[in-house]
Each structure stands twice: as structure tokens, then as C-alpha cells.
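# Descriptive analysis of the structure
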Amino acid sequence: MKVYSWKILISILIFFMIGMISSIKDIIAGDSLAFAYIPLWIYILIRGLWASLNEDGFASDKLNADTYKRVVTELFGKWSFIAPRGGLILMVFALMLLKIIPSQKWIPMLVSTIGILYHIIVGRYMNKEIKKEKKKYFL
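Residues numbered from 1 in each chain as written. Predicted model: local features only at pLDDT ≥ 70, side-chain atom pairs only at ≥ 80, totals over all residues. Heavy atoms only, no water.

What follows covers the overall build of the chain. Regarding its fold elements, the chain presents 5 helices and 0 strands. Listing each helix as α and each strand as β along the chain from the N terminus yields α-α-α-α-α. The dimensions of the chain, computed from C-alpha atoms along their principal axes, are 60 × 45 × 20 Å. The 139 residues of the chain split such that 24% are buried. (Helix = DSSP H or I, 4+ residues; strand = E, 2+ residues; numbered from the N terminus. Buried < 20%, exposed > 50% of the residue type's maximum accessible area, 1.4 Å probe, protein only.)

What follows is the structure, given as C-alpha cells:
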């Protein structure tokens with residue numbers, strides 16, 4: 001069996017093992033919600049193995065990654081590293097504000113809400129542009 005991407009294979013195996021160990025640990029601790037995560041970890045493992053061990057899976061994964069990179073660079077230019085992660089950055093900033101100003105809970109809630117809205121809006125816009133880019137590729 002040929003490995004098309006060692007990087008994907010090793011990272012997915014490590015990620016899967018950490019996730020499964022964490023879920024099993026939570027199940028032993030009595031958290032019944034952890035049972036819901038086990039199919040997720042198995043799905044992630046199957047997708048990762050498909051992308052790293054199958055030629056079609058690797059080509060599809062590479063096409064998706066290239067399309068995403070091209071669309072993000074086209075949309076955001078030199079800010080392409082920060083802009084798609086802006087919502088996450090705002091939510092982390094909200095957590096820091098919660099630690100710095102615990103008496104003013106409305107400020108971190110506002111920043112967190114703005115971060116979530118930013119993430120939803122930018123994500124939808126990027127998905128729309130990615131779909132347009134894929135249509136150009138396949139036509």
C-alpha cells in the first residue's frame with residue numbers, strides 16, 4: 001500500500017489517538033456525552049486515511065486545499081492568514097477580557113458575539129467563493 005502523504009497520515013493518527021484516549025477517559029469518568037464523540041473520531045480517521053492512502057483521496061484533498069488557499073488569497077490579499085481566523089481571534093480576545101475585567105461581563109459577551117457573527121459571515125462568503133471557484137475548475 002502506497003502512502004501519498006506521510007504528513008496527513010501521521011497527523012491524523014496522532015489526532016485520532018489523542019481524541020479517542022480523551023473520549024475513553026471521559027467515558028470512564030462517567031460522561032455519557034463522550035459516546036457521541038467516538039463516531040466523530042472514527043469519521044476523522046477514515047477521512048484522513050482516505051486522503052493519505054488513496055490516490056483519488058489525496059488528489060481531492062490537494063484540490064480542496066489549493067482552492068481554499070487561492071480563494072482566501074484572492075479575497076483578503078496580504079491579510080489572508082489572519083482574516084479567515086478573525087472570529088476565533090475575537091473569541092480568544094473575549095476570553096482574555098473576561099479574565100482581565102471580570103466585573104464587566106457584557107464587554108466580553110459583546111466581543112464574543114461579534115466574533116461569532118464575523119466567523120459566520122466570512123465563512124459563508126468564503127464558501128460561496130469556493131463554490132464559484134470549483135465551478136470554474138470543473139467547467
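Here the narrative resumes, following the displayed structure.
This paragraph deals with a nonpolar patch on the surface. A cluster of nonpolar residues, Leu 88, Val 92, Phe 93, Met 96 and Ile 100, forms a patch on the protein surface that exposes about 500 Å² of accessible area. With respect to the helices and strands, Met 96 occurs in helix α4 (residues 86-100). The class of Met 96 is partly exposed, set by a relative accessible area of 45%. (Patch = residues over 30% accessible without salt bridge, like charges linked within 9 Å, V, L, I, M, F, W, Y side chains within 5 Å. Areas by Shrake-Rupley, 256 points an atom, 1.4 Å probe, with all protein chains shown as cover. Salt bridge = Lys/Arg side-chain N within 4 Å of Asp/Glu carboxyl O.)

This next bit is on the packing of aromatic side chains. Counted according to the given criterion, the structure contains 2 aromatic pairs. With centroids separated by 6.3 Å and ring planes inclined at 20°, the aromatic side chains of Tyr 4 and Phe 58 adopt a geometry described as stacked. On the criterion of sequence distance, the pair formed by Tyr 4 in the segment before α1 (6-29) and Phe 58 in helix α3 (residues 55-76) is long-range, its members being 54 residues apart. In this structure Phe 58 comes out as partly exposed when scored by relative accessible area, which is 26%. With 5.4 Å between their ring centres and 80° between their planes, Phe 15 and Trp 41 make a pair best called edge-to-face. With a gap of 26 residues between them, Phe 15 in helix α1 and Trp 41 in helix α2 (residues 34-53) connect regions that are remote in the sequence. Note on Phe 15: relative accessible area 43%, which makes it partly exposed. Directly above the ring of Phe 81 sits Arg 85, whose terminal nitrogen or CZ lies 4.9 Å from the centroid. (Phe/Tyr/Trp six-rings, centres within 6.5 Å; stacked < 30°, edge-to-face > 60°. Lys NZ or Arg CZ within 6 Å of the ring centre and 35° of its normal.)

So, about the nonpolar core. A general feature of soluble globular proteins is that nonpolar side chains tend to end up buried together. Core analysis: the biggest nonpolar cluster contains 5 residues, these being Phe 16, Met 20, Ile 38, Trp 41 and Leu 45. Within the residue set of this core, elements represented by two or more residues are α1 and α2. For this core, the element with the highest residue contribution is α2, accounting for 3 residues. Apart from the residues lying within four places of it in its own chain, the contact partners of Ile 38 are Met 20, Ser 23 and Ile 27. (Core = buried A, V, L, I, M, F, W, Y, C linked by side-chain atoms within 4.5 Å. Contact = heavy atoms within 4.5 Å.)

Along the chain, the position of Ser 5 falls in the segment before α1. Here the side chain of Ser 5 touches Ile 8 through a polar contact of 3.2 Å, landing on its backbone nitrogen. (Polar contact = N/O pair within 3.5 Å; in protein donor to acceptor, adjacent residues only side chain to side chain.)

All right, on to α2 then. Across its 20 residues, α2 extends 29 Å between first and last C-alpha, which sits within 8% of the 28 Å expected from 1.5 Å per residue. Against α1 and α3 lie the buried residues of α2. (Expected span 1.5 Å × (residues − 1).)

So, on to the packing of α1 against α2. What describes two packed helices is the angle between their axes and the distance between those same axes. Where α1 meets α2, the axes come as close as 9 Å, and the angle between the chain directions of the two elements is 170°. On the basis of their axis angle, the class for α1 and α2 is roughly antiparallel. Contacts from Ile 8, Leu 9, Ile 12, Leu 13, Phe 15, Phe 16, Gly 19, Met 20, Ser 23, Asp 26 and Ile 27 of α1 reach α2 at Ala 34, Phe 35, Tyr 37, Ile 38, Trp 41, Ile 42, Ile 44, Leu 45, Gly 48, Leu 49, Ala 51 and Ser 52. Of the residues belonging to the contact of α1 with α2, the class tally is 18 nonpolar, 4 polar and 1 charged. (Axes fitted to C-alpha atoms, helices over the stretch in contact; angles between N-to-C directions. Parallel < 35°, antiparallel > 145°, perpendicular 65-115°, else oblique. Nonpolar A, V, L, I, M, F, W, Y, C, P; charged D, E, K, R; others polar.)

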